[in-house]
Amino acid sequence: MDRKVLIMNEEEFGAHVRRARLIEDLSQQEVADRANITRATLTKLETGHGSSLKTLIKVLRALGRDDWLGTLEPIPDISPLRLAREAAGIAEPRRASRRRPSPPRTNPF
């Protein structure tokens with residue numbers, strides 16, 4: 001499946017949320033009530049002035065736009081260390097190694 005990657009800042013994303021609200025013909029207070037948040041919190045989200053992930057999820061659900069959550073996946077980074085390990089045939093570590101207890105120190109005095 002080929003996905004279109006869309007990169008936007010908070011203001012642009014907030015504008016999309018606002019547009020979705022207006023398409024549904026809902027006031028900020030109506031969406032805030034449905035999402036169980038304050039109108040001021042919704043205003044911050046829509047203007048791109050910061051919001052929590054929890055708030056974003058509540059608002060998207062209140063707008064019936066849960067499908068947007070699937071588009072919020074981060075773009076995978078290419079790790080140079082991973083490429084070097086793969087080229088050398090070394091498997092990725094699956095967990096941190098256990099530290100062995102160091103021998104007790106003896107006081108030379």
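Residues numbered from 1 in each chain as written. Predicted model: local features only at pLDDT ≥ 70, side-chain atom pairs only at ≥ 80, totals over all residues. Heavy atoms only, no water.

Novice: Explain the side chain of Arg-65 to me, using residue names and the numbers behind them.
Specialist: On the secondary structure map, Arg-65 appears in the loop between helix 4 (53–62) and helix 5 (80–88). The residues touching Arg-65, leaving out its near neighbours within four places in the chain, are Ala-20, Ile-23, Glu-24 and Leu-60. (Helix = DSSP H or I, 4+ residues; strand = E, 2+ residues; numbered from the N terminus. Contact = heavy atoms within 4.5 Å.)

Novice: Please give an account of unusual backbone geometry that cites residues and values.
Specialist: Working note: non-glycine residues mostly have negative phi, and peptide bonds are mostly trans. Even without being glycine, Asp-25 reaches a positive phi, approximately 60°. For Asp-25, the location among the structural elements is in the loop between helix 1 (10–23) and helix 2 (28–35). Backbone geometry at Asn-36 places phi at a positive 60°, although glycine is not the residue there. Topologically, Asn-36 is positioned in the loop between helix 2 and helix 3 (39–47). Judged by relative accessible area, Asn-36 falls into the exposed class, the value being 63%. (Buried < 20%, exposed > 50% of the residue type's maximum accessible area, 1.4 Å probe, protein only.)

Novice: Explain the pattern of salt bridges residue by residue, including any values.
Specialist: Pairing is possible between side chains of opposite charge, provided their charged atoms come close. Under the criterion given, the structure shown has three salt bridges. Between Arg-21 and Glu-46 there is a salt bridge whose closest N-O contact spans 2.6 Å. Placement of the pair is Arg-21 in helix 1 and Glu-46 in helix 3, with a sequence separation of 25 residues. This pair shows no difference in class: Arg-21 is buried, exactly as Glu-46 is. We note a salt bridge from Arg-65 to Glu-24, for which the minimum N-O separation is 3.9 Å. Within this pair, whereas Arg-65 is found in the loop between helix 4 and helix 5, its partner Glu-24 is found in the loop between helix 1 and helix 2, the two being separated by 41 residues in sequence. Assessed through its relative accessible area of 18%, Arg-65 is described here as buried. (Salt bridge = Lys/Arg side-chain N within 4 Å of Asp/Glu carboxyl O.)

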